Amino acid sequence: MFTSLSGKSVLVTGASTGIGLGVARQFALQGARVLITARNAGRIEAVAAGLRAEGLQVQGLASDVADAASVKALIHTVEEIHGGLDVLCCNAGIFPNSPLEDLAEAEWDQVMATNAKGTFLCVQAALPLLRRAEYGRVILTSSITGPVTGSPGWVHYGASKAAQLGFMRTAAIELARDGITVNAVMPGNIVTEGFLDVAADYQAGVAASIPLKRLGTSADVASAVLFFASREAGYITGQSLIIDGGQVLPESLQALV
Ligand code: NAP
C-alpha cells in the first residue's frame, strides 16, 4: 500500500541512542539512505558503523543542534554526501529533571536551546534541500509531556515540547507552498537509554498507568514517523500523533482496573 522509501535521503538528529536510533534503523531497513547525528562523534560513528555491518546504508555525523554554525555545517555535509534531503527528523532532545523551585536559568536555557531552538535551526537550514525534494517531509519528536500532560520536574522540558508544536503549525503553513509537510510524533514513555536514567520506581509507576500495560519502544514511535514520511501521508500537515499505549486516556485509577 505504501510507496517504497528506498533511496530516500533521510537525516535523523539525536540518533546515537533511543528513539532516534530506532527511527534511523527503520528507515534504513526500508532501503533509505540515512544520515544520523549527535554531539558525541565517537559514539555516532560507532553506531553508524554497527548499522552498516548489518548491511544498512547509514553514516554518522557529529553536530550540535543547539548551535547554528554546527547545524549549517551539518546540512552542508548532508548535501555533499547525499546531494539532497527528502526527510528531516528533528528528534534530538534532552530531559534533565529539576523541580521548578530549584530549576536554574542555565538549565532552562539548555533545554530550550536543544529541544525548541534546535528544531528551528535544523528545519531552517534544511529548507533549500527539502524544497528540491520530490516531496519534502519534516517530522518532529515532541512528547505528551507539555502539550497534553504535566510531569513533576519537567516544566522546562514540557515548555520546550509544546514549543515544538507551536513551531510546527506555522511552519506547516509556510512550507505548504513548497509541498513540504511538517508533522510531529508525541511519544508517551518509551524505553530508551535516556529514559532508563529516570528512577526505577517512576518507570514502574508509569507502566502501571498505561492501558496497554507496557512502556513503549523506539520501534512503536518509528512506525508513526515512517507513516508521516510516506508519499501517502502527503495530505497531512501540521498534525501530531500520540504514541503512548493509551496513557493520556484514563480519567481515574478505576479506568485502569
Ligand atoms: P536519548 O536516549 O537520551 O537520546 C538522545 C539523543 O539526542 C542522543 O543521541 C544524544 O546524543 C542526542 N543529543 C542530545 N543533545 C543533542 C544536541 N544538542 N545535538 C545533537 N544531538 C543531541 O533520548 P530519547 O529518549 O531517545 O529521546 C529522543 C527524543 O524523544 C527527545 O526529543 C525526547 O524529548 C523525545 N521523547 C522521549 C520520550 C521517552 O520516553 N524516551 C518520550 C517523549 C518524547 P549526544 O548526547 O551524543 O548528543
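Structure: see above.
Residues numbered from 1 in each chain as written. Predicted model: local features only at pLDDT ≥ 70, side-chain atom pairs only at ≥ 80, totals over all residues. Heavy atoms only, no water.

Asks: Describe the sheet that holds strand 2 (residues 33-38), with residues and values.
Replies: In space, the 7 strands of this open sheet follow the order 3-2-1-4-5-6-7, with parallel pairing throughout. Of all the strands in the sheet, the pair left with one neighbour each is strand 3 (58-62) and strand 7 (240-243). On average, each strand axis in the sheet is inclined to that of its neighbour by 20°, with strand direction left out of account. Sheet strands touched by helix 2 (residues 41-53): strand 2 and strand 3. Its angle to strand 3, the strand with the most contacts, is close to 180°. The sheet strands contacting helix 5 (residues 155-176) are strand 4 (87-90), strand 5 (137-141), strand 6 (181-187) and strand 7, and the helix crosses strand 6 at an angle near 160°. (Pairing = 2+ DSSP bridges. Helix = DSSP H or I, 4+ residues; strand = E, 2+ residues; numbered from the N terminus. Axes fitted to C-alpha atoms, helices over the stretch in contact; angles between N-to-C directions. Contact = heavy atoms within 4.5 Å.)

Asks: I'd like a rundown of the pairing of strand 2, residues and numbers included.
Replies: Of all the 6 residues making up strand 2, 5 are buried; the element is thus mostly covered by neighbouring parts of the structure. One ladder, built from 5 bridges, connects strand 1 (residues 9-13) with strand 2; its direction is parallel. By the bridge assignment for strand 2, T13 is matched with T37. Of the crossover connections in this fold, the one passing from strand 1 over helix 1 (residues 18-29) to the parallel strand 2 is right-handed. Two strands pair when backbone bridges link them, and strand 2 and strand 3 are joined in this way by 5 bridges, in the parallel orientation. Bridging from a neighbouring strand, I36 pairs with G60 of strand 3. (Buried < 20%, exposed > 50% of the residue type's maximum accessible area, 1.4 Å probe, protein only. Right-handed = clockwise from strand over helix to strand, strands pointing away.)

Asks: Please provide a residue-by-residue account of the side chain of K161, values included.
Replies: Looking at the element boundaries, K161 is found in helix 5. Among the polar contacts made by the side chain of K161, one reaches the main-chain carbonyl oxygen of T141 at a distance of 2.9 Å. If near-sequence neighbours (up to four positions away) are discounted, K161 is found in contact with N115, T141, S142, S143, T145 and P147. (Polar contact = N/O pair within 3.5 Å; in protein donor to acceptor, adjacent residues only side chain to side chain.)

Asks: Talk me through the site of the ligand; I want residue IDs and the actual numbers.
Replies: By nearness alone, 32 residues border the ligand, and S16, R39, Y157, I190 and T192 come closest of all. Side-chain polar atom of T192 to an oxygen atom of the ligand: 2.6 Å apart, as the coordinates give it. Relative to its free-state accessible area of 880 Å², the ligand is covered by the protein chains to the extent of 93%. For the shell around the ligand, the elements supplying multiple residues, two or more each, are helix 1, helix 5 and helix 6 (193-196). (Near = heavy atom within 4 Å. Areas by Shrake-Rupley, 256 points an atom, 1.4 Å probe, with all protein chains shown as cover.)

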